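This is what each chain is made of:
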Amino acid sequence: MDLIQSIRKRAIGTNKRIVLPEGEEERTLRAADDVLGENIAQLILIGNEAAIKENASHWDLKNIAKATIIDPINNPRKQYFADILFEIRKNKGLTIEQALKLVEDPLYLAVLLIKTGEADGEVAGANNATGDVLRPAFQIVKTQAGISAVSGAFIMVLKDKKFGQDGVLIFADCAVNPDPTARELAEIAVASAHTAKFIAGIEPRVAMLSFSTKGSAKHPKVDKIVEALAIAKEMNPDLLIDGELQADAAIIEAIGRKKAPGSTIAGTANVLVFPSLESGNIAYKLVQRMADAEAIGPVLQGLAAPINDLSRGCSVEDIVNLVAITVNQANGL
Ligand code: ACO
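Residues numbered from 1 in each chain as written. Predicted model: local features only at pLDDT ≥ 70, side-chain atom pairs only at ≥ 80, totals over all residues. Heavy atoms only, no water.

Caption draft 1: Inspection of the overall build of the protein chain at higher detail. Summing up its helical and strand segments, the protein chain has 13 helices and eleven strands in all. Over its C-alpha trace the protein chain gives a radius of gyration of 21 Å, about what one expects of a compact globule, namely 20 Å for 333 residues. The dimensions of the protein chain, computed from C-alpha atoms along their principal axes, are 65 × 45 × 30 Å. Taken across its 333 residues, the protein chain has 52% of its residues classed as buried. Excluding contacts between residues fewer than 6 apart, the proportion of contacts in the protein chain whose partners are at least 24 apart in sequence is 72%. (Helix = DSSP H or I, 4+ residues; strand = E, 2+ residues; numbered from the N terminus. Rg over C-alpha atoms; globule rule 2.2 N^0.38 Å. Buried < 20%, exposed > 50% of the residue type's maximum accessible area, 1.4 Å probe, protein only. Contact = heavy atoms within 4.5 Å.)

In structure tokens:
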């Protein structure tokens, strides 16, 4: 069974409640029908009830009848959610009037449903930019204890099984932090190892990537990676991690042995932590296109609740897959 099939299988029947704030959007609605049909999750769709029902009937999506629908505009609990949002954000200058307006925004309402315990996770982004999906999550559910930076990992599934663990690798951060500090890079490493183990099902071997291997170049950017490595080891002393490593030294055994002799993971790394968002985002897209690899994600790591962001170019299948991943995160798997 391939990885995504096993992720979906683990989700089935666990009855996690996932909110989809873009409930009227066609791919989202079609994906919702599949999710409900396969029993991957229970769903809350945000949108106009009549529009959702009309679309579902137009596209013959019979399972949508099983979803809970919440209309953000004609919502009898608007004041209730606005009061909660106001309490969370009043110290940031939010007024109750602004809160009442914000709870009409499906992306804010979705996160508030998680905050109040009515939903276990969220998938959005088919129609909205990454920043707009992430901002309410950062403001309302915030980060897990001990984590200051949320990051986005891709599970890369390569056709060539010689890389990573049978062709499976984690790339991070590919989605959130433009210029992470050493501390943030360490958090990204620890969180990515967790994603590797519990979502991708591989034993994490983490490489902190750079343009230098073990002091081959001297530069403040290299020093930052060395510092990040030390912090990551402090955060999780059991982690199999090394750096700074160039990409070839990280993933090709002969080169790892030559450039980083004695390293525990050089040449066999399966979690690649990139020094910046530019390098991570560019790398995953190049590998996806040039090696015809599957790129599953971004899986958001470090939030206090599972919330995941889709690419606006996503397919129905991408949405179903990300819902299954979100369920797995909610189950702590
Ligand atoms: N982790 C946790 N919290 C964060 C993070 C983070 N990485 N970044 C910002 N925050 C918090 C801030 O602390 C702040 O909280 P507060 O209001 O309670 O004090 C809140 O979020 C808003 O912070 P701002 O700095 O004002 O956030 P802004 O909205 O400017 O930026 C954002 C955050 C949108 C995530 C920004 O970092 C961003 O745009 N990143 C790039 C996203 C992107 O475009 N990725 C590439 C596309 S994705 C893809 O290709 C797969």
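Caption draft 2: Structural view of the site of the ligand. Arg 89, Arg 135, Val 150, Ala 175 and Asn 177 are the nearest of the 19 residues found near the ligand. In the model, an oxygen atom of the ligand is placed 2.8 Å from a nitrogen or oxygen of the Arg 89 side chain. Note that a nitrogen atom of the ligand is positioned 2.8 Å from one of the backbone N or O atoms of Val 150. Summarising the interface, the protein chains cover 61% of the accessible area of the ligand, which totals 990 Å² for the free molecule. For the shell around the ligand, the secondary-structure elements that each account for two or more residues are α7 (130–140) and α12 (277–290). In terms of residue count, α7 provides more of the shell around the ligand than any other element does, five residues in total. Two domains each donate at least three residues to the shell around the ligand, and these are domain 1 (3–142 + 303–332) and domain 2 (151–296). (Near = heavy atom within 4 Å. Polar contact = N/O pair within 3.5 Å; in protein donor to acceptor, adjacent residues only side chain to side chain. Areas by Shrake-Rupley, 256 points an atom, 1.4 Å probe, with all protein chains shown as cover. Domains from an automatic or database assignment.)

Caption draft 3: Structural context of the sheet that holds strand β7 (residues 206–209). The strand order across the open sheet built from six strands is β8-β7-β9-β6-β5-β10, with neighbouring strands paired in mixed fashion. Because the sheet does not close on itself, it has two edges, and the strands there are β8 (241–245) and β10 (294–301). Ignoring which end each strand starts from, the neighbouring axes of this sheet average 20° apart. Examined bridge by bridge, strand β5 (residues 151–157) and strand β6 (residues 168–172) share four bridges and lie antiparallel to one another. When the sheet's bridge partners are listed, Phe 154 is paired in β6 with Phe 171. Packing of helix α1 (residues 3–11) onto the sheet brings it into contact with β5, β6 and β10, and relative to β10 it is tilted by some 45°. (Pairing = 2+ DSSP bridges. Axes fitted to C-alpha atoms, helices over the stretch in contact; angles between N-to-C directions.)

Caption draft 4: Region of the structure containing the nonpolar core. Judged by nonpolar contacts, the single largest core of 62 residues is most densely connected at Leu 43, Ile 64, Ile 155, Val 206, Met 208 and Val 323. Examining the composition of this core, we find that eight residues originate from one element, helix α8 (residues 182–198), more than from any other. Each of two domains, domain 1 (3–142 + 303–332) and domain 2 (151–296), supplies a minimum of three residues to this core. Ignoring anything within four residues of it in the chain, the contact list for Val 206 reads Ala 189, Ala 193, Leu 239, Leu 240, Ile 241, Asp 242, Ile 265, Val 271 and Val 273. Core analysis: the next-biggest nonpolar cluster, separate from the first, contains 29 residues, Ile 46, Leu 94, Val 111 and Ala 137 among them. (Core = buried A, V, L, I, M, F, W, Y, C linked by side-chain atoms within 4.5 Å.)

Caption draft 5: Region of the structure containing the pattern of salt bridges. Enumeration according to the criterion identifies 18 salt bridges in this entry. Two residues, Glu 26 and Arg 30, come together in a salt bridge whose shortest N-O distance is 3.0 Å. With a gap of four residues between them, Glu 26 and Arg 30 both fall in helix α2 (residues 26–37), about one helical turn apart. Judged by its relative accessible area of 28%, Arg 30 is partly exposed. Between Glu 49 and Lys 53 there is a salt bridge whose closest N-O contact spans 2.8 Å. On the criterion of helical spacing, the pair formed by Glu 49 and Lys 53 is a turn pair, its members being four residues apart in helix α3 (residues 49–58). Judged by relative accessible area, Lys 53 falls into the partly exposed class, the value being 48%. (Salt bridge = Lys/Arg side-chain N within 4 Å of Asp/Glu carboxyl O.)

The analysis is restricted to geometry; functional conclusions fall outside its scope.
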